[in-house]
Amino acid sequence: MPRLSDLPKPPGTGAAGVLDGRRRAVRWDRSPRGRGDREPPEVAVPRRALDEAEPLTGPCGAAAGAPAELAKFHVPEIVFGPGSLAELGHAALRVGARRPFLVTDPGLIEAGWVEEARGHLELVGLRPVVFSGVTSNPKDHEIEAAYQQYAAAGADVIIAVGGGSCIDAAKGVAILSGNGGTILGYAGVDRVVQPIPPLVMAPSTSGTGADVSQFAVVTDTTQHTKITIISRTLVPDVSIVDPRLLTTMPDELNAATGLDALTHAVESFVSRAHNPLTDQHALHAATLITRNLLHTMVHPAAAEPRIAMAQGALEAGMAFTNAILGITHAMSHQVGGLLDAPHGVLNGVLLPHTIRFNAATDPERFVPLAAATGVDVAGRSAAEVAESFACRVRELADAVGVPRGLAALGVTEADIGTLTRTTLQDACLATNPRTASAADIAALFRQAL
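The structure contained in this document is the topic of the report that follows. Everything numeric in this text was worked out from a predicted model, so none of it was measured. (Residues numbered from 1 in each chain as written. Predicted model: local features only at pLDDT ≥ 70, side-chain atom pairs only at ≥ 80, totals over all residues. Heavy atoms only, no water.)

## Regarding empty space enclosed by the protein
Here is step 1: Using the criterion set out here, one finds 2 cavities of 30 Å³ or more in the structure.
Here is step 2: The volume enclosed by the largest cavity comes to roughly 100 Å³.
Here is step 3: Taken together, 13 residues line the largest cavity, and the ones lying closest to its centre are Pro-203, Thr-205, Asp-211, Val-241 and Ala-313.
Here is step 4: Top element by residues in the lining of the largest cavity is helix 8 (residues 303-323). It accounts for 3 residues.
Here is step 5: Looking at side-chain class alone, the lining of the largest cavity contains 7 nonpolar, 4 polar and 2 charged residues.
Here is step 6: In this structure, the second largest cavity spans a volume of roughly 60 Å³.
Here is step 7: Along the walls of the second largest cavity sit 13 residues, with Val-266, Glu-267, Val-270, Thr-328 and Asn-358 positioned nearest its centre.
Here is step 8: Secondary structure elements with two or more residues in the lining of the second largest cavity: helix 6 (251-270) and helix 10 (343-359).
Here is step 9: When residues of the lining of the second largest cavity are assigned to their parent elements, the largest contribution, 4 residues, is made by helix 10.
Here is step 10: In terms of residue class, the lining of the second largest cavity is made up of 7 nonpolar, 5 polar and 1 charged. (1 Å grid on protein atoms, 1.4 Å probe; cavity = no way out; pocket = protein on both sides within 12 Å on 5 of 7 lines; lining within 4 Å. Points joined across faces, edges and corners; volume = space filled by probe spheres on them. Helix = DSSP H or I, 4+ residues; strand = E, 2+ residues; numbered from the N terminus. Nonpolar A, V, L, I, M, F, W, Y, C, P; charged D, E, K, R; others polar.)

Here you go:
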């Protein structure tokens, strides 16, 4: 497959592949199903068949225990489609906004999306307070500064217009508003115990899933690590997914967030906490992402691939927030915290290695994923299919210009001890399908150098 640098650049892209600031006149009224592509075959999801000798029973008494297999599925209200940003004001009003607090970044302001969002809010009588001091891999001190502005303004509903960094920062403000303390004190699972202000999210990237997830990831600037906060309270109230916002992403961000979304799909499908509800979203997301990511790099303003990527990222997000993730994210979080490296790029480098690691003990689970992404699985062993799937992921990473190793991003042999130690503390490791020791993690980091 061609590398990103060899692909033809559409009109309006600069030498670095970054879209210019002009909006493009494109058709946004066509369904992604109109491409003429054949739909992928139905993929059977391995699961334990019901024992016909044990039929379902009727009402249970008060003393009965919980079902043996209980699946919960947390998602926000979702407004999806081109032009859906126009619903921002109405969504904010529905959740009680009087003085909304809008978290964003300078790039979204320059692209014009914040101005449009502000206009939709003002149309319904809301005048937002805007905070734009968020950088990639949101920092602890940025969240503290945002919270101080939020509290001083007497704001209520928290809105994010931007990528995962803006959305995670907005969640951080909400945590501090409802629970106090410092953001680093909430690392781990279910430590956000008090209610938080309503959250309305409008993602501008096709990958992080933060707009539908119960996750927030924050950089500890003192320890140079990332902490993961997992709490059902962090699932936003409303997610407004407008694919138009994706057209102003730089190429590098488009590639990174697309690979992040693919990693969400893969890790949620093989997670120890997966269930039939998450499985279907994960598989369909993997299909949409592998079919459309490269198209969005070559034709960044074309409607159909963007709509498909927006849906793929959304479905992957819904899958992973309920099934949680695995070793890929546990490792990439730590490299990102140490070096402030782009999260999705790290996932793209690591994912082929972690697929092989997990498949070494149970390759069967990777067969439906491989089939969903176009790998020929007929008549082949599960181990062979899993290896082909790892290669397929690496081919896609090559095609969108992701480095082949962590060394290109600044990781050295001297970092491996620290990265291994902090990876073992990451909450995402708990649901990885294969137990990983410190030696396993160190070996994976070395393989990925």
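Continuing now.
## Things to note about the layout of surface pockets
Here is step 1: Approximately 960 Å³ is the volume found for the second largest pocket.
Here is step 2: Every residue lining the second largest pocket is counted, 48 residues in all, and those nearest its centre are Gly-163, Gly-164, Ser-165, Thr-205 and Leu-253.
Here is step 3: Those elements that place two or more of their residues in the lining of the second largest pocket are helix 2 (106-111), helix 5 (164-179), strand 7 (215-220), helix 6, helix 9 (327-339) and helix 10.
Here is step 4: The element contributing the most residues to the lining of the second largest pocket is helix 6, with 6 residues.
Here is step 5: A breakdown of the residues in the lining of the second largest pocket according to their chemical character gives 20 nonpolar, 20 polar and 8 charged.

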